[in-house]
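One letter stands for each residue in the lines below.
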Amino acid sequence: MIPHHSIAILTSERANISDPRVQELANQIIESQREEISEMKRLIEDLEASQ
């Protein structure tokens with residue numbers, strides 16, 4: 001799932017957005033996807049440590 005979320009970040013960062021409302025949405029997507037990637041990485045580390 002991390003690659004999928006990373007693509008959403010890249011797509012949002014590279015979008016040529018002129019409307020401030022849409023840019024704000026893209027910024028929110030970037031922030032939320034980064035947070036979710038961080039959470040996934042923490043879970044992976046935790047799972048690997050418990051094996």
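In this text, all values refer to a predicted model and were calculated from it rather than measured experimentally.

About the criteria used
Residues numbered from 1 in each chain as written. Predicted model: local features only at pLDDT ≥ 70, side-chain atom pairs only at ≥ 80, totals over all residues. Heavy atoms only, no water. Helix = DSSP H or I, 4+ residues; strand = E, 2+ residues; numbered from the N terminus. Rg over C-alpha atoms; globule rule 2.2 N^0.38 Å. Buried < 20%, exposed > 50% of the residue type's maximum accessible area, 1.4 Å probe, protein only. Areas by Shrake-Rupley, 256 points an atom, 1.4 Å probe, with all protein chains shown as cover. Lys, Arg positive; Asp, Glu negative; His and termini not counted. Charge placed at Lys NZ, Arg CZ, Asp CG, Glu CD. Axes fitted to C-alpha atoms, helices over the stretch in contact; angles between N-to-C directions. Parallel < 35°, antiparallel > 145°, perpendicular 65-115°, else oblique. Left-handed = near helix turned anticlockwise from the far one by under 90°. Contact = heavy atoms within 4.5 Å. Nonpolar A, V, L, I, M, F, W, Y, C, P; charged D, E, K, R; others polar. Salt bridge = Lys/Arg side-chain N within 4 Å of Asp/Glu carboxyl O.

Draft legend 1. The arrangement of the overall build of the protein in detail. Each helix and strand in the protein was counted, giving two helices and zero strands. The C-alpha radius of gyration of the protein comes to 14 Å, more than 25% above the 10 Å expected for a compact globule of 51 residues. The C-alpha extent of the protein, read off along each of the three principal axes, is 50 × 15 × 10 Å. Counting over 51 residues, the protein shows a buried share of 16%. Put simply, the protein shows about 4300 Å² of open surface, and 54% of that area lies on carbon and sulfur atoms. Within the protein, one finds 5 positive and 10 negative side-chain charges whose respective centroids are separated by 7 Å.

Draft legend 2. Inspection of the packing of helix 1 (residues 2–14) against helix 2 (residues 20–49) at higher detail. Axis separation between helix 1 and helix 2 bottoms out at 9 Å; the angle between their running directions is 155°. Our classification of the angle between helix 1 and helix 2 gives roughly antiparallel. Remark: the crossing between helix 1 and helix 2 carries left-handed chirality. Two secondary-structure elements touch here, helix 1 through Ile-2, His-5, Ser-6, Ala-8, Ile-9, Ser-12 and Glu-13 and helix 2 through Ala-26, Ile-29, Ile-30, Gln-33, Arg-34, Glu-36, Ile-37, Met-40, Lys-41 and Ile-44. Classifying every residue of the contact of helix 1 with helix 2 by side-chain character gives nine nonpolar, four polar and four charged.

Draft legend 3. View of the pattern of salt bridges. Under the definition given, this model contains two salt bridges. Note that Arg-34 and Glu-13 form a salt bridge whose closest N and O atoms lie 2.6 Å from each other. Placement of the pair is Arg-34 in helix 2 and Glu-13 in helix 1, with a sequence separation of 21 residues. When the shortest N-O distance is used, the salt bridge between Asp-19 and Arg-21 registers 2.7 Å. A relative accessible area of 23% means that Asp-19 is categorised as partly exposed.

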